[in-house]
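# Remarks on the overall topology
The residues making up each chain are set out below.
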Amino acid sequence: QVQLEESGGGLVQPGGSLRLSCTASGPSFNRNAMGWFRQPPGKAREFVAHISRSGGSNAYADSVKGRFTISRDNSKNTMYLQMDNLVPGDTAVYYCGALDPEPYYGSHRHSDYKYWGQGTQVTVSS
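Residues numbered from 1 in each chain as written. Predicted model: local features only at pLDDT ≥ 70, side-chain atom pairs only at ≥ 80, totals over all residues. Heavy atoms only, no water.

## Comments concerning the pairing of strand β3 (residues 18–24)
Counted only if it meets this: Per-residue accessibility, obtained with a 1.4 Å probe over protein chains only, is compared with the maximum for each type, and a residue is labelled buried under 20%, exposed over 50%, and partly exposed between these values. Numbering goes from the N terminus for both helices and strands, where a helix is a DSSP run of H or I of at least four residues and a strand is a run of E of at least two. When DSSP locates at least two bridges between a pair of strands, those strands are taken to pair.
Most of β3 sits out of view: 5 of its 7 residues are buried. With 4 bridges joining them, strand β1 (residues 4–7) and β3 adopt antiparallel strand pairing. Bridge pairing links S7 to S21 in β3. Pairing geometry for β3 and strand β8 (residues 78–83), over 6 bridges, is antiparallel. Pairing of T23 across the sheet is with T78, part of β8.

Below you can see the structure in the form of structure tokens.
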């Protein structure tokens, strides 16, 4: 059973940056493609980015492309989301998820993910 825990959220001004981390339990982290989703206030959960098991392939939602970067370090059982040029529309609870085990290159569909972290709050406001 995979357990995930997010960290790194907080309050930041527009134009600022944050880096989120997602740490997985157990030694089999590299078996799972993973992704980041977010849920803005009063809205449904939406896709942000996903990354393949090895970290060699990734994809982004149009709303964050060019501003966010997903990466992973399998030796540390950790996935990251670097968020730059933040805008108020990025305010949301951010969740990391893991597939088990397919698709190996990741998925943009919320229902494909087997495991989820508890979420971390990101607030972008002046």
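Now, onward.
## What to know about the environment of Q1
In plain terms, the rule: A contact between two residues is defined here by any heavy atoms of the two lying within 4.5 Å.
You can see Q1 is positioned in the segment before β1. Judged by relative accessible area, Q1 falls into the exposed class, the value being 81%. For Q1 and G26, which are 25 residues apart along the polypeptide, the C-alpha to C-alpha distance reads 8.4 Å. Once residues lying within four places of it in the same chain are set aside, the contact partners of Q1 are S25 and Y115.

## So, the state of the cysteines
The condition is simple: A pair of sulfur atoms, both from cysteines and within 2.5 Å, is called a disulfide here.
For the structure on display, the rule yields 1 disulfide. Across a sulfur-sulfur distance of 2.1 Å, C22 and C96 are joined as a disulfide pair. Between C22 and C96, the S-S torsion sits near 60 degrees, and that sign places the bridge as right-handed. Of this pair, C22 sits in strand β3 while C96 sits in strand β9 (residues 92–98); the two residues are 74 residues apart in sequence, bridging distant segments of the chain. Classification of C22 by relative accessible area gives buried; the value is 0%.

## Things to note about the packing of aromatic side chains
Our working rule: Pairs were defined over the aromatic rings of Phe, Tyr and Trp, the Trp ring being its six-membered one, requiring ring centres within 6.5 Å. Orientation was assigned from the angle between planes: stacked under 30 degrees, edge-to-face over 60, tilted for the rest. The rule for a charge over a ring is simple: NZ of Lys or CZ of Arg within 6 Å of the ring centre, and within 35 degrees of the ring normal.
If you walk through the whole model with that rule in mind, you get 4 aromatic pairs. Ring plane angle 80 degrees and centroid distance 5.1 Å describe the contact between F37 and Y113, whose orientation is recorded as edge-to-face. Here Y113 lies in the loop between β9 and β10 (115–116) and F37 lies in strand β4 (residues 34–39), a separation of 76 residues in the sequence. Their ring planes at 75 degrees and their centres at 5.3 Å tell us that F37 and W116 sit as a pair that is edge-to-face. On the criterion of sequence distance, the pair formed by F37 in strand β4 and W116 in strand β10 is long-range, its members being 79 residues apart. A relative accessible area of 1% means that F37 is categorised as buried. The structure contains a cluster of three or more aromatic residues connected by ring pairs, namely F37, F47, Y113 and W116. Geometry around W116 places R45 over its ring, the cationic atom sitting 5.1 Å from the centre.

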